[in-house]
Structures are given as structure tokens and as C-alpha cells.
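# Summary of the model geometry
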Amino acid sequence: MLDFIKGWSRRAALPPGSLVHVGRRRVQTPSATVTYYNGQGRRVVENAGPGDVAPVADEVCWLRVRGLHDLELIRGLGQRLNLHPMLLEDVVEATQRPKVEEFADYLFVVLRLLRFDQQTAVISEEQLSLVLGRGWVATFEESDDTPLDLVAQRIAQRRGRIAEMGADYLAYAIIDVMIDSNFGVLEAFGESLDAIEDQVLANPSEASAKALYHFKGQIIHLRRVLWPLREVVNFIARGDSGFFSQPVWPFLRDVADHALHVLDAADAIREQATGLMELHLGALGNRTNEVMKVLTIMASIFIPLTFIAGVYGMNFEYMPELRLHYGYPAVLAAMAAVAAGLIIYFRHKKWL
Amino acid sequence: MLDFIKGWSRRAALPPGSLVHVGRRRVQTPSATVTYYNGQGRRVVENAGPGDVAPVADEVCWLRVRGLHDLELIRGLGQRLNLHPMLLEDVVEATQRPKVEEFADYLFVVLRLLRFDQQTAVISEEQLSLVLGRGWVATFEESDDTPLDLVAQRIAQRRGRIAEMGADYLAYAIIDVMIDSNFGVLEAFGESLDAIEDQVLANPSEASAKALYHFKGQIIHLRRVLWPLREVVNFIARGDSGFFSQPVWPFLRDVADHALHVLDAADAIREQATGLMELHLGALGNRTNEVMKVLTIMASIFIPLTFIAGVYGMNFEYMPELRLHYGYPAVLAAMAAVAAGLIIYFRHKKWL
Amino acid sequence: MLDFIKGWSRRAALPPGSLVHVGRRRVQTPSATVTYYNGQGRRVVENAGPGDVAPVADEVCWLRVRGLHDLELIRGLGQRLNLHPMLLEDVVEATQRPKVEEFADYLFVVLRLLRFDQQTAVISEEQLSLVLGRGWVATFEESDDTPLDLVAQRIAQRRGRIAEMGADYLAYAIIDVMIDSNFGVLEAFGESLDAIEDQVLANPSEASAKALYHFKGQIIHLRRVLWPLREVVNFIARGDSGFFSQPVWPFLRDVADHALHVLDAADAIREQATGLMELHLGALGNRTNEVMKVLTIMASIFIPLTFIAGVYGMNFEYMPELRLHYGYPAVLAAMAAVAAGLIIYFRHKKWL
Amino acid sequence: MLDFIKGWSRRAALPPGSLVHVGRRRVQTPSATVTYYNGQGRRVVENAGPGDVAPVADEVCWLRVRGLHDLELIRGLGQRLNLHPMLLEDVVEATQRPKVEEFADYLFVVLRLLRFDQQTAVISEEQLSLVLGRGWVATFEESDDTPLDLVAQRIAQRRGRIAEMGADYLAYAIIDVMIDSNFGVLEAFGESLDAIEDQVLANPSEASAKALYHFKGQIIHLRRVLWPLREVVNFIARGDSGFFSQPVWPFLRDVADHALHVLDAADAIREQATGLMELHLGALGNRTNEVMKVLTIMASIFIPLTFIAGVYGMNFEYMPELRLHYGYPAVLAAMAAVAAGLIIYFRHKKWL
Amino acid sequence: MLDFIKGWSRRAALPPGSLVHVGRRRVQTPSATVTYYNGQGRRVVENAGPGDVAPVADEVCWLRVRGLHDLELIRGLGQRLNLHPMLLEDVVEATQRPKVEEFADYLFVVLRLLRFDQQTAVISEEQLSLVLGRGWVATFEESDDTPLDLVAQRIAQRRGRIAEMGADYLAYAIIDVMIDSNFGVLEAFGESLDAIEDQVLANPSEASAKALYHFKGQIIHLRRVLWPLREVVNFIARGDSGFFSQPVWPFLRDVADHALHVLDAADAIREQATGLMELHLGALGNRTNEVMKVLTIMASIFIPLTFIAGVYGMNFEYMPELRLHYGYPAVLAAMAAVAAGLIIYFRHKKWL
Ligand SMILES: [Mg+2]
Ligand SMILES: [Mg+2]
Ligand SMILES: [Mg+2]
Ligand SMILES: [Mg+2]
Ligand SMILES: [Mg+2]
Ligand SMILES: [Mg+2]
Ligand SMILES: [Mg+2]
Ligand SMILES: [Mg+2]
Ligand SMILES: [Mg+2]
Ligand SMILES: [Mg+2]
Ligand SMILES: [Mg+2]
Ligand SMILES: [Mg+2]
Ligand SMILES: [Mg+2]
Ligand SMILES: [Mg+2]
Ligand SMILES: [Mg+2]
Ligand SMILES: [Mg+2]
Ligand SMILES: [Mg+2]
Ligand SMILES: [Mg+2]
Ligand SMILES: [Mg+2]
Ligand SMILES: [Mg+2]
Ligand SMILES: [Mg+2]
Ligand SMILES: [Mg+2]
Ligand SMILES: [Mg+2]
Ligand SMILES: [Mg+2]
Ligand SMILES: [Mg+2]
Ligand SMILES: [Mg+2]
Ligand SMILES: [Mg+2]
Ligand SMILES: [Mg+2]
Ligand SMILES: [Mg+2]
Ligand SMILES: [Mg+2]
Ligand SMILES: [Mg+2]
């Protein structure tokens, strides 16, 4: 439940600004790549070290770190770009909430990448830290396979306008693919709710209630990650921080729109889950009612009849009816009459 | 459930500003019409191309595009009017939330047209994009048959003050008919809830619970579309964007009033549905209670009697009562006394 | 449910500013009265037409229109006072939400008069539109018998300070009696809830659940009318619109206080209704429980006894017990022991 | 329920500013006391009239009125201090919400004194109105025995700093004891909830549900009185009204803290009550379940056995088993086997 | 429940600013320590009195008081540092809500230290008061063993940057360890909820419902302490109070982040508990349903059979079937047919 605060109590004794990696190791060996590009061309430095990071005036410089547990590398790159120790602490403590923080020389953005495992119906998350400086962008990813590859491809293949624009557009493009990656997750998540819905509509059982409970736990998780997005994109879309130039503003507003769409989707899923729980409870009540009716009808009809049979099963010496020739058929007729009366009564009550 | 984000994950790989039509094709062939009018007269260009769009000083120019899948046409018209690529992206990706966005030279408004299918009790929606420039309005509709026809008729028949006024009044008139179109939808939707209410009041069943669940799903849908309206109309009604002249302000406030009314109605429907679900659950509990009472009364009365009969049905050789001449009537009398006692007890408990 | 948007879909095709009366005709023939008064005296023009409305510097002029379906009269009076067509549209479309709207030369206030029919437990409403200009007030009532009569009487009888003060005080006095008229309605409404409470406390039935459901529907209605009051009176009590002079401000704050009181009362009623529904559901569960206990005790005690009797009712030839002289009393004793054991068990469980 | 608006509908016909006492008469004869004091000494005028109220520069003047139904006295004192008629109306209409209102020459504060009757578990309230002018304070109490006596004692006994400070400190000291008086009420109220909790934990019954319902009604009452406090103390603690000098600000912030504490306590009580209702409903469900299990086990075990006994109680002439010597013990053994099988089954289901 | 207001009603009669210790005595003898340090070195005065507190320009002075019931000591130290009497009142009345208060010469911060007793599942709390002046910090702890020891160690061991920085950084470091101490509490608390979850998933009982109720009571407690944190850290992180220098701002923002994380965790726990209660109620309904089905099936099958047996157990003289040679097997076959029919019916209903 509280995975997102696990590990924090252990590091509480350390002084602020201590670099401690918190989170799973999702790549074998962390590495850094630096890409310089502009309208004319592109050059890439693989396995870069601090010395390879040298932003210049007429090129965009993108430092891309994948894997967070090489603390030496990250400290070195951080010093090269003059990053604040508390910023680096946040980068490697990969449990941050989505946020945006303004420093004097750069803007710091934390986003989280959601993944949904359809087998186990569990949502997991990874952190993306992005720093936008004047002419450069640094990103820190937890794993190898993230939506940022799409942006790298666009630069390599010179698709769209990205190559012609500045570092602020690069930051926008990265945020854009991160936000948009949520749509696939939400679609898969929504389908998983639709499957539970089918179960509940067909036959509400304890298993479907437990599935719904598990699902709602995932929604709590989801909202914790998505809610702070609203603030983050609003800050960015206001465009008044000075780190984004005016031509990029309409693009930022698009990101904000998409974030609202994501939140709309998360809300819709949550309300559907709530409605489904209600339906489940109602259906249970209904079924209990139905079961009760069968019992009541069976018992109410046969118990009086059995009583009558019991009366004439008594062994008194003087029971004149037992001697009557038509006593037996008369009693059977009386029983049929009682049964018919009760059936009519139950029909009248609409139980039959 | 999440139709409104369907298709987005597929296009996440494309660079921003790519024109991709998202949504059903609701007309055979998209087409554009340009209408120029002022107090003196009106002229209409059917099947217009980019060259036909030429706003002039003393006429209002209304470009009306119906059908969104002719991307060439929309790109051409967009270039003619200098529309931003991200704006055009929103126009053809017909899943936008209602919104208003200010650009330097025009105001961009997205609204959604609701339709309610009374047969299936399903709400569907279409997008209307409107751009208000200096002296011109461009609208992009998904289908052929929308409330904008009312506005076009008024211009053609010179009804009301529309022909005497500017492009801002035209934009107002379009927004007005769009907002007002919601009233018919809400009326039909509310009637469909009233039908469920009748069912629940008469006989709460699993079918009525499922209908209510489906209905609540539609309300989630409805609110997602209607809630952003508040912001949109508030922005417009403040009248401080400079795209609306002062004489149009009282009209814009009327639109805002109507939007609040629409939201009031949606809220009222939602609360009624919530109350109805409560009533349903309560009624179920009540009926279970009633069924139980019948069972309890029948069983409690006859089980002791049957026991007594069982006692005198035993085959012991020495059971003196069996020999008594008045044994049988005495036992019957005892049974009647027991039954009467129990009936009095149940009456006392108000179960009978 | 949605009475308050009925009729709007029909008029959606009309151009803005068309005068169409929406609402019931609550008087036979609409008429206008104009009252001129100041500290010196008062003169009244009955059955006034537009020509009779002539505000002058040293008198307060109150135009009072009762009945809204004489559109010619209202259009004429409106033109005389220079009222905006959209304002007149709101006046006759008597389904407006409470609101306050500032125009250059007057302030436009819409309030709603609530009435509660104790027979049917239904809340109904009428619209009061008020326009406060410089030196004049115009009011538009739907019916003949409204709290405004109290204000007219005070002017006629020169009670209180009203005759000495200006048009702004007149507007205040009218808003004051309108707000205060809600107290009577809320008292009666609250008493009607108290009656349902008595029912639920005595014997929760399906009828009391339905009454509660109906009651909650009326609360939805009530809140829709009362909630916008908060905004309206806050606007007025801020006193910064320039239409109210400083000596009137303490009076306006009193109105705001009373409106908050009204909203408090509505909230209290709503929460009581919610608590009552909870009590109802709990009581149902309790009663089901009690019914179950009776059944369980009766069945659990007699079913084993009946079984024992059944055993000795079997017709086997070799059943030695049947021959024993004390077989019968021994079995009766065993039965009594079983029953006593079960009774002790149920007492131990506190079911008896 | 709605005691706090009782009486208002009756006075709706009166002109604003009419003095009408609303509320119970809690003292025999209303009276006024004026206390003048400073660092040097103190003098008290009992049974004061308007002429006794004469604030001077170097003394604090405290006019204390107890009992609100001597309207002549209050009107006279009000005129002496130049109090606005609407303020006096609020003073005697002792149903005001807590509020603070700034006039040009004084600050008007309304607070409510809570009392809790542990016998009936009913919360009642009285009004305290306070006016803070330059160098004077006027207070209007409904009854004889209020926390203000503590303040009067401190002045008389020269305890604490009160005698050395100004009228603003006196106003603070009064508000302070009023706010702090809530703690005792909340403690007693919370204990009354703890008693209900004990009942629910031991044995949830209809009586405990009704007690909880009554309790929640009192919470509605409580919150209506306490919620407005937040605004009142925030206004006062901001200290920007000019009626409080800077040395008094830290004291005012303390009052605000205590008010927040009171609200915290009220919230905690409310949430506990909600949780208790949930527990009650869950416990009911649990008990119904338990009762059902006993019935099901008893019935399921004995009904088949009784059937077997019934079979061998039939009177057919040709029933070979009846002749068998070991028929009877064989049947008894079969019955024991059936019973054992069912017991094993129920154990397996964890019902036994 | 309301421990946090206990004791307040007793002290309501005292004048403001009276020092009264409220809370448990958590140390034997209160004592004060003063630490002076800067980049060069450190000196510590144990068992300090007022005379030992002498802030100087080039050293940070940390006065650390442990134990709050030596009122003389606290009054003396407070006078030395010129602390306001109301501040000292708050320090010893250890029931304050978390808050931050600006005085002219110092900033006053109250935080609460949570502890969770895993045995009893009870959350307890202690108060930490912190005053940040120019060049000095004073802290007041209730007990001996608090996270502040971590900060003292860092200064002693010259770990991290604390020794090189000013009093504002010391205040930050203290707030930081206080906020971070919540993570351990929340982890343990969350695990205790996970244990209840296991119970509910396995077998929902009255005991698990009571555990959940107790747990929710602790959450109310938790939130009351944590919610005010948001305001406190926001105030501090804005950094505009002038008590924190700009180099400390990024550190303060980190504290604010962690506080939000703590609140996220508390919210997640609360929502999980709510979902669990829902699951509990649903599971109860499910089980009642299952129990009912067993009863209904058993009773519905055997009651008709027993009736048939009863009929042929009647003692009428003329019952021709009894004479038939195959009467008995025919009746047995009929019984088997009835039972089979009912079993097929129940299978059809998916009850078997
Ligand atoms: Mg730390
Ligand atoms: Mg951190
Ligand atoms: Mg997060
Ligand atoms: Mg995008
Ligand atoms: Mg877009
Ligand atoms: Mg939604
Ligand atoms: Mg994209
Ligand atoms: Mg888009
Ligand atoms: Mg939308
Ligand atoms: Mg309209
Ligand atoms: Mg209007
Ligand atoms: Mg409704
Ligand atoms: Mg219209
Ligand atoms: Mg209208
Ligand atoms: Mg309304
Ligand atoms: Mg009034
Ligand atoms: Mg509403
Ligand atoms: Mg008043
Ligand atoms: Mg109430
Ligand atoms: Mg009045
Ligand atoms: Mg009043
Ligand atoms: Mg109140
Ligand atoms: Mg106090
Ligand atoms: Mg304090
Ligand atoms: Mg609380
Ligand atoms: Mg005090
Ligand atoms: Mg205090
Ligand atoms: Mg606290
Ligand atoms: Mg920290
Ligand atoms: Mg951080
Ligand atoms: Mg959360």
C-alpha cells in the first residue's frame, strides 16, 4: 500500500543532500548520453562523463541519464551543470511526487511514468526527472525503455519541428510524451474494470468484490500520481516562468489539455468503480431476497400441510374422522385447498 | 466507458501538430461554406476552398466546415486564416474537452454537442470548434445537422438583430444555440430517469438496479462534458478578452446563466439518481424483512403444533392420554390455544 | 424533477431578446402600479402605462408590475426605463436562477419566492425581478399575493424609516422581505420532516422510505433555489456597486445575515434527512435481525423435539423402548431437557 | 430541529430596526452594570441607566447588560453609545449566527454560549453580543451566569494584566473566556458519545441506533454554532481592523488557535459518530449472519433426520424394513451418519 | 477520543499568559542545554540556566529544553530571550496544533512528534516547540528521546553542512527530522492496516470490524495532527518571512515535499480503510447469502418429502394406497423424483 514511502524511514538519519538511491535497479549499468543538435545537424556522445557536457550557444544539449544507482556519475554530472544538492537528492530518491520547482538558473520537473501489468492488474511507476536550463535539458530515467525514445527518434529522423527549435521545445516534447503515455495505461486499466463489471453484472460473488477492492487500491495509487499533475502542468502552461519562449506556449497548453483529459479519465474510472460496488451490494441484497422467497414459499406451503398430516397421524383411540369413509380424500382435499390458498396469497404478493 | 480517450494511445508516437482525424465520420464528404453578410445583404459561397475565404472590413465572414476528415481542406483553410497547427490538431482530434483559448489574433472555443438516444438511453457527443477573429468566424462541425443551422437561418431570413451586428455577435449566437441545445437532451435524460423511478417505486428488481447503474454511467459521461462549460462561459462572460465588444456583453451573460442552469439540471439529475439508489437498497431491505416475517410467523405457529401432533403420534404402549375419551379434542384445543397465543404475540409485535 | 428547465428547449429556435412568457399565469390580467413618495407624501397611479413612469429628482418612483404575460405592457415599460432586451427576456422567462447583474444605469436582481404546500409536501416557486435605477425601482411579480405587499403597506402607513429614504432603501426593503419569507417556508418544511421522523422512529416502513425519498427530492429543489442566494447577497452586502448609498449598508449586511441563516436551516434539514435515512436502514436491519431470532429460537427448539417424536412414531416391530412402562415419560423428560438446554444456550447468547 | 429560526416568520412583517426580543427570558429583570477601571482603581455603577454610561479618556468603561427583554433600557443605552438600530435589533433577536461586523466607530461581535445538559444529552445556546468602541466595551448577555463573570472577577481582584490594559484587551479577554467555555461542553459531549460507543461495542440495538441518531442531530446543532467561529476569529486575529492595538495581537492569535482546537474537537466527534454508525450497521449484519448460521445448522441437521423418521412412520402394509430385527438400530445408525456428515460439512465451512 | 482538549476546561478560569503545564511528565527532571557552534568549533553548556543563554554574532546558539514541567526554568529562559508570555503558555500547554506564528523578533513553530505503539495499535503524540531568532534557536521537547538527537549528533560530528551554516539552517534541520520521523510511524501504521486487511479477506468477523473501527479512530487522530502541517510547511517554504536566508530555501522546499508525501500516505491509508470497511460489509452480505442458500436448499428438498411421509403416516381406516403391494416403493420413487426435480431447479438457479 505504502510502497511510495518505503525506505524513507531508513534514510531519515542522513544529513540533507546525501545522495541515496531509493527504488529498484531497473538497468544493469547506468549510463549517460549527450546529444547536441540544431537545424543543421546532430552529434551524439554515448557513455558520456561530466566532461562531455558542454552546452553551447547555437545548439541544444540534451543530457540523458538512464539508471539512477551510479551515484558518482550523477554527482559528477550534477556538479558540471551546477545542480543543487537537494535537486540531485530528489533525482536519485525516485519516490518524488510530480512537481515543478524553479531555481535561479534552471527549472526542475519531476514526472512519473505509469505502467500497468494486465496479468496481475497492478500499476507500477517510475520517476522521470527533467532539468531545463538555458540551452540544455538533462533527464534522469529509471529504466531503458521509456517514451523519451520517441523524442530521441524524432530528433534523429528530423521529424516534425523539433530540430529547428530550442531546449524549451525539447523539454515540452518530453513532457508531452510522458503525459500522453498515460492514455495507454488508462485504457488498459479501464478495460480491466470492464472485465470486473461483466462479472458483477453476471453473478456478483465474493471474488468479484475482492477484485473490486484490489482495483480500488490501484485507483488510490493512480490518483496519488496523477493529481499533482494538474498543478505541474498549470504552472508550466501559464508560461510565466521565463524558461519557455512564447512560441512554445500553445504547445504547453496542449500538454495541459491532455493532462486534464487524463484526470477526467481517472475520475471516470473511479466513479464507475464506486457505482459498481453499489451495484454489487444491491445485487447481493436482491439475491438474498430471492433465496428467502423460495424458502418462505416452500416452508409456508408444506409446514401447515405436514401439521395436518401429523394430526391424523396421532394415535388417539377416539378420533371419529379416522373412521369416516371419505375422511382421507376429504383431508387431501383440505390440504389442496390450503396449498392453493397460500399460492394465491403469494401470487398476490408478487412473490410467485 | 473511456471512449473519450480511445485512439490517443495510437497517435502518441506522432510529433505535435500532426493532423490526424479522431472520431467517427459523420458526413460523406466534408465541405466548407463561406457566408458574407452585413446590414445590407448576404452572399454565400458553397463548396468553398481556401481562396474563397477573404474577410473584409465591412462584412462579417463566416466559414463553416462540416465534416472533419478532409485534412487537406482543413489544412488549407487553416493556413489561409493563419491558424496555429496545435489549434488545427485540436479541431480534427474531435475528443477535446470544452475549452477557450486565447491566441494573439483569434479566440478559440471548443464546445461539445450532446445527443441522447432514448431507445438505448445512451448519450453521445460531437465536437464544435469555433474560432473568432477580427471580422470573421470559423466553425468546424462533425455532422450535417447541428443547432448552427438555426443561426444560419436567422441570417438568411434577417430575423433578430444578428444581421446588423458584428462577428462577435455571430460567435455569441453560435455559442448560445449550442448551450441551449443541452436543454432538450437534459429533458429527455431526466424523463428516462423518471421511468426508472417508476420501476423502483413499484417493484425494485435487479433489472431496475442495472438500469440505474447504466444511467449513472451516462451521468459520469454527461458531467465530464458539462463541467468544463462553467469555466468556458465564465471566461467569455467576463468579456475582458477584447474579442467581444461591449454591446455583446449582456448577451454573453445570458449564455453564462443558461450554462449554470444546465449544470443545475445535471446536478439535480445526479442527486435524484443517488436518492433512487438509496431508496432501492432500502426497499430491498424492507422486502427481505417482509418475506422473513411471513416465514417466521408460519414456521413459529405450525412447528410447535406439529411437535404436539408428533408426540401423540408416538407408538409407546403406555401413553394414558391416548385412551382418554376427550384426549383428541383436548389436544386440538391445546393446539388452538398455542396458535392463538402465538398470534397474539405476533400482533403485539406488530408483525401481523 | 426538471420543471425549472421545461419550456426552454421549445424556445431555443428564437433569436435572443425575444419576449416569451415562460411559467404559469398566476393572475388574470397583468397590471402595473406606480407609486411616487418622499418624506412629504405619496401618490399612486393604478393601471399605469409607460407614460405614467416618470422618475423625478426628489421622489422615489416604484413601478410594480404584477403578472408577466402582458408582453406589450412589459415591452413598453421596459423601453420607457431603457431596460436592456436581455433583461426583459429574463423578466418574463420566469425560470431564472437568483442572480444580480450590473448594467451601466441600473442593477438587476432576480430572486425567487418559495411556497410550501403542506398537503402535498411540494415546494413551488415564483420569480421576483427587481431593477434599481437612480431614484426608481421596478419590480415584476408573478402573482398578486407576495411579501412586497408588506413594503407597500409600510410606505402607505409611513411606518419605519422607509418614507424618508431613497430608492436604494426601497430595493433593500423588498429584498429583505423576500429573504425573510423563506423562514416560514423552512419552518413548515422542517415540520414535515419531523413528521417523517416520528414515523421512522415508531415503525420504519416502505411508506416512510418513500416519503423520505420524496422529501429529499424537495430538498434538491430547495437548494437549487437557495444556494445562489449566497452570491447574490454577498454582492449586495459588499456595497461597492455604487447603487446603494452608505447609510443603507448596515441594512444590506442584515439581509446577508438572514440569507446565511436560511442556508444554515436548509443544510440542517438536509443533514437531518440523511441521518434519518441511515436510521431507517439501520432499523430495518435491526428488525430483520429480531425476526430472524424469533424464527431461529422457535425452529431450533422444536425441530429436535419433533425429530425425537418422529423416531418413536416409527413403526418398526422391534423397538424395545416402546414396550417400557416409563418409556413415554422418559422421552418427555428427555425432550424437556433438550429444550431447556437450548433455552439456556440462547440466553447465554443474549437472544432471549 | 430548527429552533434557531423559530419566531422569525412571525416578525417578518415588522419594519427593519424594530426592537423585538426573540428567545427565552433567562433572567427575571434585565439590568445594566457599568464598570470604570484603569491601573489605579475601579468603580462600579449597579442598575445603571443611559446617564451612567460616560466613557472617558483614561479609564476603560465596560457596560454589561444582563437579560434582553427590557427593550426600553437597551434602546436608551444604545442611543447613548450611538449604536446603529440594526445592531440593536441583532442584540435582542438572540438567534444570530456568530459574526463580526465593522461599523465606523465600533466593532460588533456576536458569539454564542453553548451549554450541554448531560441528563437529556441536549445542547442549548445563548447569545453574547459585544461592542468594542474607543475606550469602551458593551456586552449583552441572555442570562446571569456566564463566563464573563470570570473576567469581571479578574478586574475586581486585579489578577493578570487586564487592569493595566485598554478596552481592546477587555474585549479580547471576553472573547477568550467565551471560546474557552466550549472545551467543557465538548468534553461532556464527547463523553456522552463514548457511552454510546460502549453500548454499540457491547450489543448494538435499536436503542443505541436511536441514541446515535439523536447525537448526530446535536452535532448538526453544534457545527452550525461553531463553524462561523472560524471566520470570526480569523477576522479578529488578522488584527487589521484598527480596533485592536498591536500589543493585543498575540493574544488574539491565541484565541484563534483555541477556536481551531474547538473545531478540531467537533470534527473528531463527528467522524467518530460516523464510524460508530458504520460499526453498528456492520455489527447488525454480523449478528444476522450468526443467527442465520444457528438456524441453518439446526434445521439442516434435523430436517433430514425427521424425514427418515417420517418414512418409517408410514403405515404401508408392505414395508419389509419394518420387519427386520435390526431395522431400528440400523436406521438410528444411518441417522447418526447423516448428522455426522452434515456436522463435518459445517465444520469444513467454518460455521461451527 | 478528545484527549487533545482534556485539561483545558480546568484552566479556563486562569488569566491569559499563566504558565500551566498540560500533558504527561515524560522526563524525571526537566533540564536545558545550550550549544554554541560555528565552522570553527562547538561548546556545550549542560544544565544551563538563563544566564548561560547569550547569543553572539558569529556563532549559532541552540537552547534545548527537555521536559516542560519546570515552569520556573522556562519562565527564566523565556525572559532572557524576550519570549512573549502567550508563546510560553503554548510551549507548556503541550496540546497545541502544529502552527507557525511570526513575532517581531522571532518565528514560533509548533510541531508534533507521533509515536505508534504496535502492541496496542495506538498513536500517541508529543509537542515540539521551536523558536527561531536572529542567530539563535530555542527548542522545547516533552521527552528525552526525540529525532532532535540526530541533529545534535550531526553538529557534534560535523557531518553534512550544518556546522558551516546559520541558525536558520539549524531550524530547517530540526523541522526536517521532525517531518521525516512521520515516515516510520506511517509505515508501521500501514502495516497494522495490512494485518486487518488479511483478516477481512480471510474471514470477516465482528472482531475485524472492531479492529477497523479502532483503526479509523486512530486515523482521525493522525489527520488532526498532520493536516495543519500543510499550512505550516507552505508558510515556511514560501520563504518570505525574512527569518530564513535564500540559501536555505531549496532545503525548505524539500521539507514541504516530504510533508506532502506524509499527507499522501495518510490519505492513502484512510481510503484503504474505507475500502476495507466496504469489503467487510459486502463480504458479510455474501456470507449471509451463502448461509441462506444452504438452509433453503436443505429445507426446500426435505420439507415436501417429510410431508409426503406424513400423509402416509395418517391413521385413516380407508387409505387404499396403504394396501397396495408396491405402494411403499412407489412413494419412495415419488420422493426421489421430487428431490431430483428440486435439485435440478436449484442447479438451474446456480445455487448448487
Ligand atoms: Mg533527512
Ligand atoms: Mg526527499
Ligand atoms: Mg507520487
Ligand atoms: Mg500531446
Ligand atoms: Mg491540443
Ligand atoms: Mg469524469
Ligand atoms: Mg503527441
Ligand atoms: Mg490534443
Ligand atoms: Mg470532453
Ligand atoms: Mg440562450
Ligand atoms: Mg437571460
Ligand atoms: Mg433531481
Ligand atoms: Mg436562444
Ligand atoms: Mg434566459
Ligand atoms: Mg432557480
Ligand atoms: Mg430582515
Ligand atoms: Mg443546484
Ligand atoms: Mg441583523
Ligand atoms: Mg437540523
Ligand atoms: Mg424584517
Ligand atoms: Mg436579524
Ligand atoms: Mg448559528
Ligand atoms: Mg484562551
Ligand atoms: Mg496560545
Ligand atoms: Mg479532527
Ligand atoms: Mg484562558
Ligand atoms: Mg493555549
Ligand atoms: Mg493537534
Ligand atoms: Mg528530509
Ligand atoms: Mg527533495
Ligand atoms: Mg493518496
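Residues numbered from 1 in each chain as written. Chains lettered and ligands numbered in written order. Predicted model: local features only at pLDDT ≥ 70, side-chain atom pairs only at ≥ 80, totals over all residues. Heavy atoms only, no water.

Heads up, the condition is: UniProt positions are given in the numbering used here, feature names are shortened, and annotations may be inferred rather than shown by experiment.
Per an unreviewed UniProt entry, the recorded name for chain A is Magnesium transport protein CorA, and the organism is Desulfarculus baarsii. The record in UniProt for chain A states the following under Catalytic activity (unreviewed entry): "Mg(2+)(in) = Mg(2+)(out)".

### Focus on the coordination of the magnesium ion (ligand 21)
Applicable threshold: Here the coordinating atoms are restricted to nitrogen, oxygen and sulfur within 2.8 Å of the metal centre, or 3.2 Å for Na, K and Ca, and because water is not among them the sites may look incomplete. Only DSSP runs of H or I with at least four residues qualify as helices, and only runs of E with at least two residues qualify as strands; both kinds are numbered from the N terminus onward. Any residue under 20% of the maximum accessible area for its type is buried, any over 50% is exposed, and the rest in between are partly exposed; the area is computed with a 1.4 Å probe on protein chains only.
Here the magnesium ion (ligand 21) is held by the protein donor atoms His258 of chain C (NE2) and Glu93 of chain D (OE), which lie 2.1 to 2.4 Å from it. Between the magnesium ion (ligand 21) and the magnesium ion (ligand 16), a separation of 5.5 Å is found. Placement of the pair is His258 of chain C in helix H6 (residues 249-311) and Glu93 of chain D in the loop between helix H2 (85-92) and strand E4 (99-102), with the two residues belonging to separate chains. You'll find His258 of chain C and Glu93 of chain D in the same group, each marked buried.

### A word on the relation of the copies chain A and chain B
Defined as follows: Alignment of the copies relies on least squares applied to C-alpha atoms, considering only residues that score at least 70 for pLDDT in both. In this description, contact between two residues means that some pair of their heavy atoms is separated by no more than 4.5 Å.
Laying chain A over chain B is done by rotating through 72 degrees and shifting 0.0 Å along the axis; what remains is an RMSD of 0.2 Å. A rotation of that kind, with that shift, is consistent with a five-fold axis. The rotation axis passes nearest to the C-alpha of Gly313 of chain A in chain A, at a distance of 4.8 Å. Mapped onto chain B, only 16% of the interface residues of chain A again fall at the interface, so the copies present different surfaces.

### Quick look at the sheet that holds strand E5 (residues 107-117) of chain A
All names here are of chain A. Test applied: Strand pairing requires that DSSP identify at least two bridges connecting the strands. The angle between two axes is taken between their N-to-C directions and runs from 0 to 180 degrees, where each axis is a line fitted to C-alpha atoms and a helix contributes only its stretch in contact.
Sheet architecture is open: seven strands sit in the order E2-E1-E3-E7-E6-E5-E4, paired in mixed fashion. Strands at the two margins of the open sheet, each flanked by one partner only, are strand E2 (42-45) and strand E4 (99-102). Shown here is a sheet whose adjacent strand axes are inclined to one another by a mean of 15 degrees, direction ignored. With five bridges connecting them, strand E6 (residues 122-132) and strand E7 (residues 136-141) associate as antiparallel partners.

### What about the packing of helix H6 (residues 249-311) of chain E against helix H8 (residues 327-348) of chain E?
Residue and element names in this part refer to chain E. Rule in force here: Note on angle classes: values under 35 degrees are labelled roughly parallel, values over 145 roughly antiparallel, values of 65 to 115 roughly perpendicular, and the remainder oblique. In this scheme the crossing of two helices becomes right-handed for a clockwise turn of the near helix relative to the far one and left-handed for an anticlockwise turn of less than a right angle. The residue classification treats Ala, Val, Leu, Ile, Met, Phe, Trp, Tyr, Cys and Pro as nonpolar and Asp, Glu, Lys and Arg as charged. All others, Gly included, are polar.
For the pair H6 and H8, the least separation of the axes is 10 Å and the interaxial angle reads 160 degrees. In terms of axis orientation, H6 runs roughly antiparallel to H8. Our pair here, H6 against H8, has a crossing hand that is right-handed. Touching Thr296, Ile297, Ser300, Ile301, Pro304, Leu305, Ile308 and Ala309 of H6 are Val331, Met335, Val338, Ala339, Leu342, Ile343 and Phe346, all from H8. In the contact of H6 with H8, the residues fall into 13 nonpolar, two polar and no charged.

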